[in-house]
Amino acid sequence: MATLLQINSSLSGDDGHSSALSNKFVQRWREHNPGGKVIVRDLARHPIPHLDAERLHAFITPAEKRTATQQDIVSYSDQLIDELKRADVIVFGVPMYNFGVPSTLKAYFDHIARSGETFRYTSNGPEGLLEDKPVYIFAARGGIYQGTDADSQTGYLNTFLGFIGLTKTHFVYAEGLAMGEDNQKKALSSAEEQLTELAAA
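These numbers were taken from a predicted model, which means no experiment stands behind them.

A.B. asks: Describe in detail the nonpolar core, supporting the description with residues and values.
C.D. replies: The tendency in soluble globular proteins is for nonpolar side chains to be buried as a group. In this structure, Phe92, Leu105, Tyr108, Phe109, Ile112 and Ile137 are the most contacted members of the largest nonpolar core, which totals 29 residues. Secondary-structure elements contributing two or more residues to this core are strand S1 (3-8), helix H3 (68-86), strand S3 (89-95), helix H4 (103-112), strand S6 (135-140), helix H5 (152-163) and strand S7 (169-174). Examining the composition of this core, we find that 5 residues originate from one element, H4, more than from any other. Excluding anything up to four places from it in sequence, Ile112 contacts Leu80, Ile81, Leu84, Thr118, Phe160 and Ile164. Grouped together as the second largest cluster of nonpolar side chains are 19 residues, Trp29, Ala140, Val172 and Leu188 included.

A.B. asks: Describe the sheet that holds S1, with residues and values.
C.D. replies: Strand order across the open sheet formed by 5 strands is S2-S1-S3-S6-S7, with parallel pairing between neighbours. Taken across any chain shown, the strands that pair with only one partner, and hence form the sheet edges, are strand S2 (37-42) and S7. Across the sheet, the mean angle separating the axes of adjacent strands is 15° when strand polarity is ignored. Bridge analysis of S3 against S6 gives 6 bridges, and the strand direction is parallel. From the neighbouring strand, Ile90 faces S6, where its bridge partner is Val135. Each of S1, S2 and S3 touches H3; the most contacted strand, S2, lies at about 145° to it. Strand contacts of helix H6 (residues 181-200): S6 and S7, with the helix running at about 155° to S7, the strand carrying the most contacts.

A.B. asks: Describe the pattern of salt bridges, and please don't skip the residues or the numbers.
C.D. replies: Pairs can form between side chains of opposite charge once their charged atoms are near each other. This structure, assessed with the given rule, holds 12 salt bridges. Across the salt bridge formed by Glu192 and Lys24, the nearest N and O atoms sit 2.6 Å from each other. Of the two residues, Glu192 sits in helix H6 while Lys24 sits in helix H1 (residues 17-32), which places them 168 residues apart along the sequence. In this structure Glu192 comes out as partly exposed when scored by relative accessible area, which is 24%. When salt bridges with common partners are traced through the structure, they connect Asp14, Asp42 and Arg45 into a single cluster.

A.B. asks: Please set out the side chain of Thr104 residue by residue, giving values where relevant.
C.D. replies: Its location among the elements puts Thr104 in helix H4. Given the relative accessible area of 9%, Thr104 is considered buried. In this view, Thr104 contacts Ser9, Leu43, Pro47 and His50; residues no more than four positions away in its chain are not counted.

A.B. asks: I'd like to hear about the packing of aromatic side chains, residue by residue, with values.
C.D. replies: For any pair of aromatic rings, geometry is given as the distance between the ring centres together with the angle between the planes. A complete count under the given rule lists 11 aromatic pairs for this structure. Here Phe25 and Tyr136 contribute two aromatic rings whose centre-to-centre distance is 4.7 Å and whose plane-to-plane angle is 35°, an arrangement assigned as tilted. Of this pair, Phe25 sits in helix H1 while Tyr136 sits in strand S6; the two residues are 111 residues apart in sequence, bridging distant segments of the chain. Look at Phe25 and you get buried, because its relative accessible area is 1%. Taking the centre distance of 6.1 Å and the plane angle of 55° together, the rings of Tyr108 and Phe109 count as tilted. Through a chain of ring-to-ring contacts, three or more aromatic side chains come together here, namely Phe92, Tyr108, Phe109, Tyr156 and Phe160.

A.B. asks: Let's hear about the environment of Ile48: which residues, and what values?
C.D. replies: Checked against the element boundaries, Ile48 lands in the loop between S2 and helix H2 (53-60). Separated by 63 residues in the primary sequence, Ile48 and His111 have C-alpha atoms spaced 8.2 Å apart.

A.B. asks: Describe a nonpolar patch on the surface, with residues and values.
C.D. replies: Together, Leu51, Leu56 and Ile60 make up an exposed nonpolar region whose accessible area comes to about 270 Å². Examined against the element boundaries, Leu56 turns out to sit in helix H2.

What counts and what doesn't
Residues numbered from 1 in each chain as written. Predicted model: local features only at pLDDT ≥ 70, side-chain atom pairs only at ≥ 80, totals over all residues. Heavy atoms only, no water. Core = buried A, V, L, I, M, F, W, Y, C linked by side-chain atoms within 4.5 Å. Buried < 20%, exposed > 50% of the residue type's maximum accessible area, 1.4 Å probe, protein only. Helix = DSSP H or I, 4+ residues; strand = E, 2+ residues; numbered from the N terminus. Contact = heavy atoms within 4.5 Å. Pairing = 2+ DSSP bridges. Axes fitted to C-alpha atoms, helices over the stretch in contact; angles between N-to-C directions. Salt bridge = Lys/Arg side-chain N within 4 Å of Asp/Glu carboxyl O. Phe/Tyr/Trp six-rings, centres within 6.5 Å; stacked < 30°, edge-to-face > 60°. Patch = residues over 30% accessible without salt bridge, like charges linked within 9 Å, V, L, I, M, F, W, Y side chains within 5 Å. Areas by Shrake-Rupley, 256 points an atom, 1.4 Å probe, with all protein chains shown as cover.

Following this line, the structure appears as structure tokens:
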């Protein structure tokens, strides 16, 4: 039975365009995987705590020296990492806020980037420890940024995900959503066509 992990990061929840697209992909995926399991993390409804000194120190403290509070922090991170490990497919809904990813998504990344758990450094450089699997990213933007220097998301997401071992990324862009109703309809329609094809692959 295949497992899909869906992570939405729009502050608008299901009303956000990136969430709506990722939700439609998951719906199509369910049609092709009727026995599949879906795990959903909505970072607006259930935000991940942002990284602070207490959490950072908990992550780097040896297990035998952790306090009970530190162990609780690490256990929470372990749960997030376990979801990634158990998933066969990962889906991200990612809006663009002020030329970057939502801070809630960055907080999520800060909790899953753990030395010895999702990556390690070797004599040849960093090595991702997660088993590679398809990752679908639905990027919704008010303007048009794909392929320009202002697109800070694509490179960052590829770099971070690749760092922990996830290299099979597939981006679906819905751009120009704030540039008039016609542009919005065309962008969303094109994105929906793409996600339908990807879900059937």
